[in-house]
Amino acid sequence: MSCLFCKIAAGEIPAQVVHADADLIAFRDISPVAPTHILLIPREHIPTVNHLEAHHAELVGKLYLRAGELAERLGFADNGYRLVMNANRDGGQTVFHIHLHLLAGRAMQWPPG
Ligand code: AMP
Ligand code: ZN
């Protein structure tokens, strides 16, 4: 498996892991664009949002539930944060294993660039 995020999930490439369970892993982005920048990924290799199927609904729900739990645990739930999942070229996706960006610690702009 040549996927970078599969290797991180398998522990073959080091990462600053903030949560891991049977379905998901969350780790700090190597090139943060906010004071807190965490990536939440499913252990299952799913290349893009376009590849999601109905049976993934619970898994995707777990990504969001865990993001909210991390926001509480790390102390920025009330101030706020942004969750982003990029898809393909125009979305700016560069790693083709779906991941939810959790961005916090500064005010976000809207519309996004
Ligand atoms: P995206 O552009 O939405 O596909 O996001 C990919 C993200 O993965 C970027 O924010 C990168 O900084 C991040 N990234 C790439 N390699 C690593 C790595 N080895 N460990 C942690 N984050 C990474
Ligand atoms: Zn993968």
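Chemist: Could you clarify how one ought to interpret the pairing of strand 3 (residues 36–42) in this entry?
Modeler: One face of the sheet, then the other: side chains in a regular strand alternate in exactly this way. Counting buried positions over the seven residues of strand 3 gives seven, a clear majority of the element. Bridge count for strand 2 (residues 24–28) against strand 3 is five bridges, and the pairing is antiparallel. Looking at the pairing, arginine 28 lines up with isoleucine 38 of strand 3. Where strand 3 lies against strand 5 (residues 100–104), five bridges are found, and the strand directions are antiparallel. Paired with leucine 40 across the strands is leucine 100, a residue of strand 5.

Chemist: I'm lost on the layout of surface pockets in this one. Help?
Modeler: In this approach, a probe sized like a water molecule rolls over the atoms, and the result shows the empty space that is left. Estimates place the volume of the largest pocket at around 730 Å³. Of all the elements in the fold, those that place two or more residues in the lining of the largest pocket are helix 1 (4–9), strand 2, strand 3, strand 4 (81–84) and strand 5. Sorting elements by how many residues they give to the lining of the largest pocket places helix 1 first, with three residues.

What counts, and at which threshold
Residues numbered from 1 in each chain as written. Chains lettered and ligands numbered in written order. Predicted model: local features only at pLDDT ≥ 70, side-chain atom pairs only at ≥ 80, totals over all residues. Heavy atoms only, no water. Buried < 20%, exposed > 50% of the residue type's maximum accessible area, 1.4 Å probe, protein only. Helix = DSSP H or I, 4+ residues; strand = E, 2+ residues; numbered from the N terminus. Pairing = 2+ DSSP bridges. 1 Å grid on protein atoms, 1.4 Å probe; cavity = no way out; pocket = protein on both sides within 12 Å on 5 of 7 lines; lining within 4 Å. Points joined across faces, edges and corners; volume = space filled by probe spheres on them.

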